[in-house]
Amino acid sequence: MGMRVLAAMSGGVDSAVAAARIAEAGHDVTGVHLALSANPQSHRTGARGCCTVEDSRDARRAADVIGIPFYIWDMAERFQRDVVEDFVAEYAAGRTPNPCLRCNEKIKFAAVLDRALALGFDAVATGHHAQLVDGVLSRSVDAGKDQSYVLGVLTREQLSHAIFPLGGSTKAEVRAEAARRGLTVADKPDSHDICFIADGDTRGFLAKRLGSAEGPIVDEGGEVVGSHHGAHGFTVGQRKGLRIDRPAPDGRPRYVLSIEPVSNTVTVGPRSALEVTSISCERPVWNGPEPDGELTVQLRAHGEVYGCRFEERDGGLVIDLDRPATGVAAGQAAVLYSGATVIGSATIASAA
């Protein structure tokens, strides 16, 4: 017997094909587009942004082709509070958030899933490139498009009501299928960057909300080597966009090593100073099987994976890496894997 499934449809090719596959499998499917902006733009700018009026129309047309009911849910207020304001607050505190991860956690698999279950749906389907095998989250077969990292914060209960129909297909296969099905989004560019910063100017976006305040850029010894207009405009590991007046004695480039929001100070140094092997994390979420065999950890979306060991300590985790990692930023997620299987995640608090 088929399930009642709510298919989240962004207006892109992935979510359209995911909805089509679920409907074809015999489930009772309803499409829903999430209106996440109170004042959406009419059109996308290339591959930047999402949630425009054009996207909602593309989602509706896809639902018509598939032959399923379609609705638009206004989530703008919740998105503003749980994703945009959280993003700004994290930067103000000297951390580097991942808004896509937060959107999956707070919007798609909290607000939307809660409403879907209250309305009698059994599950929510999305176009994420990840696999669920007996309720366990695993990587997509398309390593270049794998999104298990940004889903690693979900709980076992949330995953038990989730469907990811695309995890066994490559992106090329998804686009070809969309074309065969007559879906007009078959060649639509993928969204990238931060959806609510359509022009890609994160520093400008933050400056409008947090203001400008000149502060020092210092080296590892505390000597002032430059200045900036707001520590919130920087991330650990950043190399470009630094206003440095005094070059390093060895002539090598400098990178952001740390951000101190209280004193509005940015510390820079050589790339070698970014290397860390021990990561302290908070708020762990265990959503997979017990660890078995060699473990790896991924520290950013589409980032490298590192062999590791971990120890639970004081309600958090300490993760020791088998080799140094660079550019590890507080506020990002550390997602632990056993092979291709996600076993859990935690939020990075500090690294050394």
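The structure under discussion appears in the preceding block.
What you are looking at is a predicted structure, and each value in this text was computed from that prediction instead of being measured.

Two faces belong to every sheet, and in a regular strand the side chains alternate between them. Sheet analysis places strand 12 (residues 276-286) next to strand 15 (residues 316-325), joined by five bridges and oriented antiparallel. Counted as the bridge partner of Ser-278 is Asp-320 from strand 15. The sheet contact formed by strand 14 (residues 305-313) and strand 15 spans six bridges and is antiparallel. From the neighbouring strand, Cys-308 faces strand 15, where its bridge partner is Leu-321.

Position of Arg-95 among the secondary structure elements: in the loop between helix 3 (76-92) and helix 4 (99-118). The exposure class assigned to Arg-95 is partly exposed, which follows from its relative accessible area of 31%. Between the C-alpha atoms of Arg-95 and Trp-73, which are 22 residues apart in sequence, the distance is 31 Å. Among all residues touching Arg-95, those that are not within four sequence positions of it are Glu-90, Ala-330 and Gly-331. Of note is the side chain of Arg-95, whose polar atom sits 2.8 Å from the side chain of Glu-90.

Its place among the elements puts Thr-126 in the loop between strand 4 (123-125) and strand 5 (130-133). By relative accessible area, Thr-126 is classed as buried at 3%. Side chain to side chain, Thr-126 and His-128 meet in a polar contact 2.6 Å long. Non-local contacts of Thr-126, meaning those with residues more than four positions away in its chain, are made with Ala-8, Ala-18, Phe-109, Ile-163, Phe-164 and Pro-165.

Spatially, the five strands line up as an open sheet ordered 3-2-1-4-7, and their pairing is parallel. Single-partner strands in this sheet number two, and they are strand 3 (70-74) and strand 7 (162-163). In this structure, strand 1 (residues 4-8) lies alongside strand 4, joined through three bridges in parallel fashion. The residue of strand 4 that forms the bridge with Val-5 is Ala-123.

This part is about the pattern of salt bridges. Inspection of the entire model under this criterion finds 22 salt bridges. Among the salt bridges present, the one from Arg-81 reaches Asp-82, with a minimum N-O distance of 3.3 Å. Residue Arg-95 is joined to Glu-90 by a salt bridge in which the shortest nitrogen-to-oxygen separation is 2.8 Å. One network of salt bridges, with partners in common, ties together Asp-14, Lys-145, Lys-171, Arg-175 and Asp-190.

Reading the values: rules and limits
Per-chain numbering applies: the sequence of each chain, read as written, is numbered from 1 onward. Two thresholds apply to this predicted model, a pLDDT of at least 70 for residue-level local features and 80 or more for giving and counting side-chain atom pairs, whereas whole-chain, interface and lining totals are computed over all residues. To obtain the side-chain values, all non-hydrogen atoms of the structure were used and water was disregarded. Strand pairing is assigned whenever DSSP detects at least two bridges linking the two strands. Each helix is a run of H or I in the DSSP string that is no shorter than four residues. Each strand is a run of E no shorter than two, and both are numbered from the N terminus. For the exposure calls, accessible area comes from a 1.4 Å probe over protein chains only, and a residue counts as buried if that area is under 20% of its type's maximum, exposed if over 50%, partly exposed in between. For this analysis, residues touch if any pair of their heavy atoms sits within 4.5 Å. Counted as a polar contact is a pair of N or O atoms within 3.5 Å, where, for protein atoms, one must be capable of donating a hydrogen and the other of accepting one, and residues adjacent in sequence contribute only when both atoms are in side chains. When a carboxyl oxygen of Asp or Glu lies within 4 Å of a side-chain nitrogen of Lys or Arg, that pair is called a salt bridge.

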